[in-house]
Every structure is written in C-alpha cells, then in structure tokens.
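Descriptive analysis of the structure
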Amino acid sequence: QKRIWAELKGEPTVSADDEHVELVANIGTPEDVVGVINNGGEGVGLYRTEFLYMGKSELPTEEEQFQAYKSVLEQMCEKPVVVRTLDIGGDKELSYLKLPEEMNPFLGFRAIRLCLEREDIFRTQLRALLRASTYGNLKIMFPMIATLDEFRQAKALLLEEKANLLNEGVDVSEDIEVGIMVEIPSTAVTARQFAKEVDFFSIGTNDLIQYTMAADRMNERVSYLYQPYHPAILNLVNNVIEAAHAEGKWAGMCGEMAGDSIAIPILLGLGLDEFSMSATSILPARTQIKDLSKGEMASYKEQLLSMSTADEVEAFIRRVTKQ
Ligand code: PEP
Ligand code: MG
C-alpha cells in the first residue's frame, strides 16, 4: 500500500474514468507546508490563520503576518493557496482580546462577525495578505459567512485596502480569487445567489454539520447527531456544488468529511472539484480515487439524495465501493 502511495506522490489525482479532482491540504502554520509537499498535495485548500493570533500576548503585526503568508506562498511555488481570514471565537479564544462571555459561543460573535466590527484587526490582515499576493497563487476566503451583505462588506474592505496599497506604490496581484466558507445552512441554501458574486466556495462541514443538525461539535452527548452522511448534509453539499457550477465557479470542501473514505465516492459523484484534508490523508485518498469511476458515482446521485438515513447512505456506499 505504501508503495502505491509513493508512486502517486508526484501524480495528479485522476479517477478510473480519467476525471481530475484536486487534492489539497489543510495547514495551520508555514512549517506545515513541508508535510503538504512530502505528501503530494496539489495546493493548500485551507490555511487556518488563527494560529498566528493564538498563544501570544498581543495581536500579530502586519509585517509578522506578511512574512508568514509570503513563506507559505513561496514554498508552494505557484500552486494554489487558500488563506482563510481570522476565524476566532467559538472554541478559539484570544487572551488579549477581551470578549464578553456568551451563552452560545458557536452562535455568537466570531470570525467574520468580529472582523467586520473590529475593522482595525481585519484591515491589518487584509493588507498583509495583499502584500504577500505577488509571491504565489493566493486565494482569500472569508469564514462563517451567513449573508450576502457580510460577503459584500468584507470584499469592499479588501478592495479598499488594495487601492490604499496601490496608492502607496506597493505591488498587489491582479488575480486573487475571493471566496467564502460555506459552513452555515443559510449560505448553503442560498448558494445560487452567492455564486454570482464569489469566485469559489469551500464547504466547511465541521461547522455545517453542527449547525444543520443543531448538535454542538464539541459535545459528546449529542455526537450521535453529528452525521456527515445524513441526507440533509448531502443535499446541502449538492446544492452548493450545483450552484457553483451553474455560474462557472469551483466548489471545494475543507471539513474533515473531505478526507473520509465513505464520503469521497459520494463527493466525487456530486462533482466536488477540490478536496482539502490533513496532509497525511492525501495519498490514501488519491489511491482510492484512482479506482473509483466518477461517472458511476454520479449515476447514484439522485438515489443517494433521496435516501432517508445516514446509515442507509453508508451501507449503500460500502456495497458499491466494496469497503
Ligand atoms: C469547518 O468548519 O469545516 C472548517 C474547516 O473550519 P474549522 O474546523 O476551522 O471551524
Ligand atoms: Mg468552521
């Protein structure tokens, strides 16, 4: 098995019927890039920038952030790098950023909600990203988008900072794609409207499942409700992919589900373009996809979407993929 993985390291990811999908990695720091390259990643699908802000006594400076983003982009040598802007709050706290205690942190003041109010923090990050953009293939992604207004506001701030930098004589790449995480049901349901304005979607199933099933992702007592293969989730995922494709955009996934061996055949059949996972899952996933027919998986789509339970979905996939 290890030998097959090694052989596929420098190869693109192609299914048995010759369809290409992109297998990319989730990272948290510039040091993680080594693992992405060693595991044959075709890019970075999610750079969680929270780590730059955590375990410190103050906010990271623009220069500090610029160096981190530049390092990741340079190491990836023009391969795509999706950087997610600050997603703090919920389970992730910052000691130096005193936020009032909340009854429901996962439903509270976090991620883009915080960034749109604390423009000082957000603009610093956007400037660092824009300055780094000339060092590789940068894509910027906003987390926890629930309404089109939030996306428009975030994008407007990005364009403002871009204009500021250009005025200051700083080079900024002209082709940075700007996309969103789809991790809130309102956005998954109205993906069609979002697809007209965003450059790409990345489905964050860790949160999308928690919000769709109303089951705290950290609470073991309700973990039985945390069901990636639930038809509700599959229908939302399908809606997002169809909406993206209808507008000529791409759809990826960066939640844990993207690297799951039962989910992979389903997602391949639904037409997911990019799978972002932990680096060590990439070669096993590439090996699995090599033996899967995208056409065959696509032929099961309507049947899967109309199933009643997650168990039914899982049993069906196990049978047709002999797992
Ligand atoms: C997600 O919600 O699926 C995701 C990838 O983001 P995080 O796990 O950082 O919330
Ligand atoms: Mg999330």
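What counts, and at which threshold
Residues numbered from 1 in each chain as written. Chains lettered and ligands numbered in written order. Predicted model: local features only at pLDDT ≥ 70, side-chain atom pairs only at ≥ 80, totals over all residues. Heavy atoms only, no water. Helix = DSSP H or I, 4+ residues; strand = E, 2+ residues; numbered from the N terminus. Rg over C-alpha atoms; globule rule 2.2 N^0.38 Å. Buried < 20%, exposed > 50% of the residue type's maximum accessible area, 1.4 Å probe, protein only. Areas by Shrake-Rupley, 256 points an atom, 1.4 Å probe, with all protein chains shown as cover. Near = heavy atom within 4 Å. Polar contact = N/O pair within 3.5 Å; in protein donor to acceptor, adjacent residues only side chain to side chain. 1 Å grid on protein atoms, 1.4 Å probe; cavity = no way out; pocket = protein on both sides within 12 Å on 5 of 7 lines; lining within 4 Å. Sits in = over half its atoms within 2 Å of the grid points. Nonpolar A, V, L, I, M, F, W, Y, C, P; charged D, E, K, R; others polar. pLDDT = per-residue confidence, 0-100. Donors = N, O, S within 2.8 Å, 3.2 Å for Na, K, Ca; no water. Contact = heavy atoms within 4.5 Å. Salt bridge = Lys/Arg side-chain N within 4 Å of Asp/Glu carboxyl O. Pairing = 2+ DSSP bridges. Right-handed = clockwise from strand over helix to strand, strands pointing away.

With that out of the way, let us pick up the overall build of the protein. Across its full length, the protein carries 16 helices and nine strands. Taken against the 2.2 N^0.38 rule, which gives 20 Å for 323 residues, the C-alpha radius of gyration of the protein at 19 Å falls within 12% of a compact globule. For the protein, the spread of C-alpha atoms along the three principal axes comes to 60 × 45 × 35 Å. For the protein, the proportion of its 323 residues judged to be buried stands at 55%. Accessible area for the protein stands at about 14,000 Å²; split by element, carbon and sulfur atoms hold 49% of it.

Further remarks concern the site of ligand 1. Surrounding ligand 1, one finds 13 residues, the nearest of these being Arg48, Arg84, Gly204, Asn206 and Arg217. At 3.0 Å from an oxygen atom of ligand 1 is found a side-chain nitrogen or oxygen belonging to glutamate 183. In the model, an oxygen atom of ligand 1 is placed 3.1 Å from a nitrogen or oxygen of the threonine 205 main chain. Here ligand 1, which alone exposes 290 Å², has 98% of that area covered by the protein. Judged by its atoms lying within 2 Å of the grid points, ligand 1 is housed in the second largest pocket. Breaking the shell around ligand 1 down by element, the ones donating at least two residues are strand S3 (44–48) and helix H10 (205–213). Broken down by element, the residue count for the shell around ligand 1 peaks at three residues, all from H10. Among the residues forming the shell around ligand 1, the class breakdown is three nonpolar, four polar and six charged.

Let us look at the confidence of the model for the protein. On average, the protein scores 96 in pLDDT, and the residues at 70 or more come to 100%. As scored by the predictor, the complex reaches a pTM of 0.97 and an ipTM of 0.99.

So, on to the coordination of the magnesium ion (ligand 2). Within the first shell, the magnesium ion (ligand 2) binds the protein through Glu183 (OE) and Asp207 (OD), at distances of 2.0 to 2.1 Å. Separated by 24 residues along the polypeptide, glutamate 183 in the loop between strand S6 (177–182) and helix H8 (185–189) and aspartate 207 in helix H10 bring together distant segments of the chain. Aspartate 207 shares its class with glutamate 183; the two are buried.

Moving on, we come to H10. Where burial is concerned, most of H10 is hidden: eight out of the nine residues are buried. The set of residues buried in H10 consists of Thr205, Asn206, Asp207, Leu208, Ile209, Gln210, Tyr211 and Met213. Looking at the buried positions of H10, the neighbouring elements they touch are S3, S6, H8, strand S7 (200–203), helix H11 (231–246) and strand S8 (250–253). Residue alanine 214 follows H10 closely and has a positive phi angle near 55 degrees.

Within this structure, the stated rule accounts for 24 salt bridges. With a closest N to O distance of 3.9 Å, lysine 70 and glutamate 74 form a salt bridge. Taken together, the residues lysine 70 and glutamate 74, both in helix H4 (residues 62–75) and four residues apart, mark about one turn of the helix. Using a relative accessible area of 40% as the deciding quantity, one classes glutamate 74 as partly exposed.

For the rest of this paragraph, the subject is the pairing of strand S4 (residues 80–84). In terms of burial, S4 is a largely internal element, five of the five residues being buried. Here S4 shows no split at all, with Pro80, Val82 and Arg84 on one side and Val81 and Val83 on the other all buried. Pairing between S3 and S4: three bridges, direction parallel. Within the sheet, the bridge partner assigned to valine 44 lies in S4 and is valine 81. Inspection of the sheet shows S4 paired to strand S5 (residues 137–142) by five bridges, in the parallel sense. Paired with proline 80 across the two strands is asparagine 137, which belongs to S5.

To continue, consider the pairing of S6. Of all six residues making up S6, five are buried, and the element is well covered by its neighbours. Summarising the sheet, S5 and S6 pair through four bridges and their orientation is parallel. Note that in S6 the partner of isoleucine 140 across the bridge is valine 178. Regarding the hand of the β-α-β motif, the stretch spanning S5, helix H7 (residues 148–167) and S6 is right-handed. In this structure, S6 lies alongside S7, joined through three bridges in parallel fashion. Paired with isoleucine 180 across the two strands is phenylalanine 201, which belongs to S7.

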